[in-house]
Amino acid sequence: MKKIFATGLVLFLALAMSYSIISTSYAIPLEDNRYEEYIALSEYVDATKIEKLRTVNLNQYSLDELEALIAEQMEIQAIAATIAVSAEELGWTAESSTMIDAQVEWWTAYALTQIYKNQYDIKYEELEMAKWDAKRAVYPAATEIWLYMKELGWNDYVCAGIMGNLMTEVGGQTLNIRYKTDYNGYYGMCMWSKKYCSQIVGADLEGQCNYLRNTIKKEIDTFGSHYRAGFNFNSFLNLTNEKDAALAFAKAYERCGTGGYDKRQNNATVAYNYFVN
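All of these numbers come straight from a predicted model, not from anything done at the bench. Within every chain, residues take consecutive numbers counted from 1 along the sequence as written. Two thresholds apply to this predicted model, a pLDDT of at least 70 for residue-level local features and 80 or more for giving and counting side-chain atom pairs, whereas whole-chain, interface and lining totals are computed over all residues. Values reported for side chains reflect all heavy atoms of the structure, with hydrogen atoms and water molecules removed beforehand.

Moving on, we get to the pattern of salt bridges. We define a salt bridge as a side-chain nitrogen of Lys or Arg found within 4 Å of a carboxyl oxygen belonging to Asp or Glu. This structure, assessed with the given rule, holds twelve salt bridges. Among the ionic pairs, E36 bridges to R54, the shortest N-O distance being 2.5 Å. One end of the pair, E36, is in helix 2 (residues 35–39); the other, R54, is in the loop between helix 3 (47–52) and helix 4 (63–89), and 18 residues separate them in sequence. For E169, the salt bridge goes to R264, with nearest N and O atoms at 2.9 Å. Of this pair, E169 sits in helix 7 (residues 156–170) while R264 sits in helix 11 (residues 261–275), and the two are 95 residues apart along the sequence. Helix and strand labels come from DSSP, where a helix needs a run of H or I of at least four residues and a strand needs a run of E of at least two; each type is numbered from the N terminus.

Now the structure itself:
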């Protein structure tokens, strides 16, 4: 989809800069379609075609169907632009019926493209929310931790590598993260030492996520060599394999015993498959 939308934007900008038949447009915010504003994009928009969509339930369309509708309208834009350019090269004026028809076709297709794209974005957001609600219902803590890490901009492999370690620390090798675990001098989802990390004791899930965020760079920068020479937090963030990320986090942040590395790595793959695939 992003490629399709980018192509349309390039076409629009190219026409806007190169040909007098295109006037200035404005963006319409993401929300329920407001057809009057799409009609107002240009005097050349065919209002009857836009109004006709009022009787159509756009929610019925799947993402694939909306993508196909967007591609169809963008093809109409391309054809209309070609006609307009050819007419201009032949010396036809902007007032000629061919040029006016081309403008109507282009602007109407552009407006329809924006309507379908807006609906696509709404549909995508709804499906994403439903997907994460379903995951949260099964593994609430793990899902919240995953989403927190993604908000930080960490890639899926890094998130899965960290999660694989948490699954070993307090999940019993599952995604059922018992983040309130308090055992034998250690506390929380990473089993932080209560002696050296006393401020984390009793913290809720958000507090623990914040603590991880605030300490991970210093820890991995300091102990990254336990994973490999010259390894630091930036190196960690650029890993592209969940098993590598799990091992790096185990060695540089958790600094746990060497006997359970394989479990942490296998857990990372489980987490990756659950949250990404």
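The geometry of a pair of packed helices is captured by two quantities: the angle between their axes and the separation between those axes. Running from N to C, helix 7 and helix 10 (residues 242–254) point in directions that differ by 60 degrees, and their axes come no closer than 7 Å. Regarding the angle of helix 7 to helix 10, the classification is oblique. With respect to the hand of their crossing, helix 7 and helix 10 are arranged in right-handed fashion. Where helix 7 abuts helix 10, its residues Y157, V158, A160, G161, I162, N165, L166 and E169 lie against E242, A245, A246, F249, A250 and E254. In the scheme used here, Gly and all other residues not listed as nonpolar or charged are polar, with Ala, Val, Leu, Ile, Met, Phe, Trp, Tyr, Cys and Pro taken as nonpolar and Asp, Glu, Lys and Arg as charged. Classifying every residue of the contact of helix 7 with helix 10 gives nine nonpolar, two polar and three charged. With axes taken as lines fitted to C-alpha atoms, and helix axes fitted only over the stretch in contact, angles between N-to-C directions fall between 0 and 180 degrees. Orientation labels follow simple angle bins: below 35 degrees gives roughly parallel, above 145 gives roughly antiparallel, 65 to 115 gives roughly perpendicular, and whatever is left gives oblique. Here a crossing is taken to be left-handed if its near helix is turned anticlockwise relative to the far helix by less than a right angle, and right-handed if that turn runs clockwise. Working rule for contacts: check all heavy atoms of both residues, and any pair within 4.5 Å makes them a contact.

As a further point, take the state of the cysteines. Our working definition of a disulfide is a cysteine sulfur pair at a distance within 2.5 Å. All chains considered together, the criterion is met by zero disulfides. Free cysteine C190: the closest other cysteine sulfur is in C209, separated by 8.8 Å. Only protein chains enter the calculation, and the probe is 1.4 Å; a residue is then buried if its accessible area is under 20% of its type maximum, exposed if over 50%, and partly exposed in between. The exposure class of C209 is buried, given its relative accessible area of 4%.

The next thing to look at is the packing of aromatic side chains. Stacked, tilted and edge-to-face are the three classes assigned to paired rings of Phe, Tyr and Trp, where Trp is represented by its six-membered ring and a pair needs centres within 6.5 Å; plane angles under 30 degrees give stacked, over 60 edge-to-face, the rest tilted. Tallied over the full model, the rule gives 14 aromatic pairs. Ring geometry for Y227 and F231: centres 4.7 Å apart, planes at 65 degrees, overall edge-to-face. Each member of the pair Y227 and F231 is classed as buried. The rings of W132, Y139, W146, Y274 and F275 are connected pair by pair, giving a single aromatic cluster. If you follow K135 out to its NZ or CZ, it ends over the ring of Y274, 4.3 Å from the centre. A ring has a charge above it when a Lys NZ or an Arg CZ is no more than 6 Å from the ring centre and no more than 35 degrees off the ring normal. For the cation-ring pair, R255 lies above F223, with the distance from its terminal atom to the ring centre recorded as 3.8 Å.

Time to look at helix 4. The span expected for a helix works out to 1.5 Å for each residue beyond the first. Taking 1.5 Å of rise per residue, the 27 residues of helix 4 would be expected to cover 39 Å, and the 39 Å separating its terminal C-alpha atoms lies within 8% of that figure. Just downstream of helix 4 lies G91, where phi reads positive at about 90 degrees.

Take the sheet that holds strand 3 (residues 192–193) next. For two strands to count as paired, DSSP must find a minimum of two bridges between them. One open sheet holds the three strands; their spatial order is 1-2-3, and the pairing between them is antiparallel. Of all strands in the sheet, those with a lone pairing partner are strand 1 (182–183) and strand 3, marking the two edges. For strand 1 and strand 2 (residues 186–187), the ladder comprises two bridges, and the chain directions are antiparallel. Residue D182 lies in a different strand from strand 2, and its bridge partner there is Y187.

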